[in-house]
Amino acid sequence: MMADFLSTIIEKKRARVTELLLSKSLEEMKDGAAEARAGRPPGAFRNAFTPDAPNIIAEFKRASPSLGVINDGRDPVESALAYKKGGAAAISVITEEDFFGGTLDDLRSIRAAVDLPLLRKDFIVNEFQIYESAAAGADAILLIAAALSPTQLTEYSDAARSLGIDALVEVHDAAELEIAANAGASIIGINNRDLRTFKVSLAVSRHLITHAPKDNVMIAESGIATADDIAELRALGFQGFLIGEILMRSGDPAATLMQLRGASQ
């Protein structure tokens, strides 16, 4: 296991983006993003979180460095249809190639199959990726506070907003939460997994929700496995819950999703 996974993946991602920019220009990707967004409502991801429901972001995730292969045989479209049937509020699609086995084609396939809001979950390190995400059909992008400077966080959030897509700003501690708030984040995800060590604890969400900015949509991420977890975190003030592993391992993800939603209401 890597001592600092985040630094390693960011380095690899920067190299990939640098290579990509040799064949595609930012202006070309901006045109593609504008065309893709023409038929999509702005703010669809943020608007998916209603106050009277256990809003679950169901994740399509083939593998991870901490868990290894989770399910590399699951079809993305079949998963998306099952998530929709199970009542997901939105779908997260991991597109990182080297450590999570993802691909942007998964996002494109899912976009063509369902009308739910889609979050592109990747390691955004360049403005180019924001337009790339919109062009592929994303309604939201993930911005990781630990991977970006405060200036980048603000600039990338503004770039997303200009396209009508949302930015889910991910934090893991109080300092990052303050940075996210100062950057104007309206959707903040508290990741219970430390990307540097892989340690997971719901105590992170329990603590940081007490410092949540007013009127923000607060999302709990990682380590959520039961209806009781969702019920507890809803009572503390979370409006959304990003869940991947148990859905990807389930033989019937629609039923598993319905159980998580129904038992927590």
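Just so you know, these numbers come straight off a predicted model, no measurement behind them.

Quick notes on the rules
- Residues numbered from 1 in each chain as written.
- Predicted model: local features only at pLDDT ≥ 70, side-chain atom pairs only at ≥ 80, totals over all residues.
- Heavy atoms only, no water.
- Phe/Tyr/Trp six-rings, centres within 6.5 Å; stacked < 30°, edge-to-face > 60°.
- Helix = DSSP H or I, 4+ residues; strand = E, 2+ residues; numbered from the N terminus.
- Buried < 20%, exposed > 50% of the residue type's maximum accessible area, 1.4 Å probe, protein only.
- Salt bridge = Lys/Arg side-chain N within 4 Å of Asp/Glu carboxyl O.
- Pairing = 2+ DSSP bridges.
- Right-handed = clockwise from strand over helix to strand, strands pointing away.
- Contact = heavy atoms within 4.5 Å.
- Arc of directions from axis to C-beta.

Draft legend 1. Broad picture of the packing of aromatic side chains. The final tally for this structure, using the stated rule, is six aromatic pairs. Relative to Phe99, the ring of Phe5 lies with its centre 5.5 Å away and its plane at 80°, an arrangement referred to as edge-to-face. Here Phe5, found in helix H1 (residues 5-20), pairs with Phe99, found in the loop between strand E4 (90-94) and helix H5 (104-113); they are 94 residues apart in sequence, far enough to count as distant. The two residues Phe5 and Phe99 agree in class, both being buried. Between Phe5 and Phe100 the ring centres are 6.1 Å apart and the planes differ by 65°, which places this aromatic pair in the edge-to-face class. One end of the pair, Phe5, is in helix H1; the other, Phe100, is in the loop between E4 and H5, with 95 residues separating them in the sequence. Each of the two residues, Phe5 as well as Phe100, counts as buried.

Draft legend 2. Structural view of the pattern of salt bridges. Within this structure, the stated rule accounts for 17 salt bridges. Arg62 serves as the salt-bridge partner of Asp106, at 2.3 Å between the closest nitrogen and oxygen. Here Asp106 is found in helix H5, whereas its partner Arg62 is found in the loop between strand E1 (55-60) and strand E2 (63-64), with 44 residues between them in sequence. As far as the burial class goes, Asp106 and Arg62 line up, both buried. Here Asp122 and Arg120 are joined by a salt bridge, their closest N and O atoms 3.3 Å apart. The buried category is assigned to Asp122, whose relative accessible area is 1%.

Draft legend 3. Fine view of the pairing of strand E9 (residues 217-221). Most of E9 is tucked away, with five of its five residues classed as buried. Burial along E9 is two-sided: the residues Val217, Ile219 and Glu221 and Met218 and Ala220 are all buried. Examined bridge by bridge, strand E8 (residues 187-191) and E9 share five bridges and lie parallel to one another. Counterpart to Ile188 in the pairing with E9 is Met218. Assessed by its sense of winding, the connection that carries the chain from E8 through helix H9 (residues 203-208) to E9 is right-handed. Bridge count between E9 and strand E10 (residues 240-243): three bridges; the pairing is parallel. If you follow Ile219 over to E10, its bridge partner there is Gly240.

Draft legend 4. Layout of the environment of Gly101. Within the secondary structure layout, Gly101 lies in the loop between E4 and H5. Gly101 gets classed as partly exposed once you look at its relative accessible area, which sits at 36%. With 62 residues separating them along the chain, Gly101 and Leu163 place their C-alpha atoms 27 Å apart. For Gly101, the residues in contact, after removing those within four places along its chain, are Arg62 and Glu96.

Draft legend 5. Expanded view of helix H8 (residues 174-182). Three or more residues of H8 are buried, namely Glu176, Leu177 and Ala180. Buried residues of H8, viewed axially, fall in a sector of 105°; they line one side. Among the exposed residues of H8, those pointing more than 90 degrees away from its buried face are Glu178 and Asn182. Check the buried side of H8 and you find it contacts helix H7 (150-163), strand E7 (166-171), E8 and H9. Phi for Gly184, located one or two positions after H8, is positive at around 85°.

Draft legend 6. Highlighting the environment of Ala90. Note on placement: Ala90 falls in strand E4. The spatial distance from the C-alpha of Ala90 to the C-alpha of Phe45 is 7.0 Å, given a sequence separation of 45 residues. Setting aside its immediate chain neighbours within four residues, Ala90 contacts Phe45, Ile56, Ile57, Ala58 and Pro117.

Draft legend 7. Structural detail: unusual backbone geometry. Backbone geometry at Asp215 places phi at a positive 70°, although glycine is not the residue there. Mapped onto the elements, Asp215 comes out in the loop between H9 and E9. Of note, the phi angle at Ser222 is positive, near 75°, even though the residue is not glycine. Within the secondary structure, Ser222 sits in the loop between E9 and helix H10 (227-236).

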